[in-house]
Each structure stands twice: as C-alpha cells, then as structure tokens.
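Breakdown of the fold
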Amino acid sequence: MTTTYRTFFRAMALYWLGFGLGTTFYPRMMQMFMTPEGIAASTPFSDQVWLHGGMDILSVCVLLFALSSVPATRTTLRAAGIVGVLPVVAMIYTLAATPFWAPLFLVPAAGCFAFGLYGFLLAGRISATSR
C-alpha cells in the first residue's frame, strides 16, 4: 500500500507541475482557458500575478514530492485531498462569477477534484491509529 501513497503524491505533484511551470514561465498558456474577454483583460500586471501563482503551485509540488518520500498518514492524505479540492472551488466560482473563463477551465478542475477525492479515499484506508 505504501507504493500507492507514494504514487498518489508523485502523480498529484506531476499534474500540477505542468500548470506551475506554465503559469510561471509562460503565463499566456492560461489564455487557452479564457474567453475573448478574459484574454483582452490580460495585462503585464496579470502576467506578474500568474508568476506568483505559478510559484505557489510549484511550492505545493515540492511539498507533494517530499510527502511521497515519507510514510503517509491519514492527516497527510486528507491534507492532500483538501489541496486538490480548494482549486476546484476557486475555478467553479470564477467560471460562474466572471466573464473571463471558458468552460474548458472545468477540465483541469476535474483533474484537481479527482486527486482531492482520491486523497480522501486513501485516507479512509489507513487505520484510525495512524494519524
């Protein structure tokens, strides 16, 4: 079972690594998820915000890779589940509340949600004595 947890953390890190590198070094990549209004609203400031967001994503990737090298606990798996679900909340909110995002934005949201759900499922497989 340890291999499953290690694979989970590494797969989650690799999934986000692409977005982290893209938003850090090529913020225009995110325009594929935007409506024409969203693309028109892009500015040098928003590119700088994407840089910060990309670094945040990369820091989560580093943490996930580190977690893959230590024994998993219910707490770490639940935390990873929360990490997977929180971006989904933001993505759905911004898709519904702003004119800037295209429905294609739901594709990465589905991936994040899947990792979040799987984190909670894996946490449920660990005995209660393993915190």
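Everything that follows concerns the structure shown earlier in this document.
Now for a quick tour of the structure. If you're wondering where the values come from, they're calculated on a predicted model, not measured in any experiment.

1. Comments concerning the packing of aromatic side chains
Per the counting criterion, the structure on display carries 10 aromatic pairs. Centroid distance F8 to Y118: 5.7 Å. Interplanar angle 70°. Geometry classified as edge-to-face. With F8 in helix α1 (residues 2–25) and Y118 in helix α5 (residues 106–125), this pair connects stretches of sequence that are 110 residues apart. Exposure remark for F8: the relative accessible area of 3% places this residue in the buried category. Looking at Y118, the relative accessible area reads 33%, which means it is partly exposed. Note on F33 and F105: the rings are 6.0 Å apart at their centroids and 50° apart in plane angle, and the pair reads as tilted.

2. So, the layout of surface pockets
Of the pockets and cavities examined, the largest pocket occupies roughly 640 Å³. The wall of the largest pocket is formed by 25 residues, among which M30, W50, I57, W101 and F105 lie closest to the centre. Mapped onto the lining of the largest pocket, the elements with two or more residues apiece are α1, α3 (44–67), α4 (74–97) and α5. Residue contributions to the lining of the largest pocket peak at seven residues, all from α3. Split into classes, the residues belonging to the lining of the largest pocket amount to 18 nonpolar, six polar and one charged.

3. Description of the nonpolar core
Core analysis: the largest hydrophobic core is formed by 27 residues, its most contacted members being F8, F9, M12, W16, L64 and L77. No other element matches α1, which puts seven residues into this core. If we ignore the near neighbours within four places in the chain, the residues touching F8 are L77, A80, F115, Y118, G119 and L122.

4. A word on the packing of α1 against α5
Two elements in contact, α1 and α5, have axes separated by 11 Å at closest approach and are oriented at 160°. Between α1 and α5, the angle is such that the two are roughly antiparallel. Note on packing geometry: the crossing formed by α1 with α5 is left-handed. Taking contact as the criterion, the partners of T4, Y5, F8, A11, M12, Y15, W16 and F19 in α1 are, on α5, V107, P108, G111, C112, F115, Y118, G119, L122 and R125. When its residues are assigned to classes, the contact of α1 with α5 shows 13 nonpolar, three polar and one charged.

Cut-offs applied
Residues numbered from 1 in each chain as written. Predicted model: local features only at pLDDT ≥ 70, side-chain atom pairs only at ≥ 80, totals over all residues. Heavy atoms only, no water. Phe/Tyr/Trp six-rings, centres within 6.5 Å; stacked < 30°, edge-to-face > 60°. Helix = DSSP H or I, 4+ residues; strand = E, 2+ residues; numbered from the N terminus. Buried < 20%, exposed > 50% of the residue type's maximum accessible area, 1.4 Å probe, protein only. 1 Å grid on protein atoms, 1.4 Å probe; cavity = no way out; pocket = protein on both sides within 12 Å on 5 of 7 lines; lining within 4 Å. Points joined across faces, edges and corners; volume = space filled by probe spheres on them. Nonpolar A, V, L, I, M, F, W, Y, C, P; charged D, E, K, R; others polar. Core = buried A, V, L, I, M, F, W, Y, C linked by side-chain atoms within 4.5 Å. Contact = heavy atoms within 4.5 Å. Axes fitted to C-alpha atoms, helices over the stretch in contact; angles between N-to-C directions. Parallel < 35°, antiparallel > 145°, perpendicular 65-115°, else oblique. Left-handed = near helix turned anticlockwise from the far one by under 90°.

Structural measurements only, silent on function.
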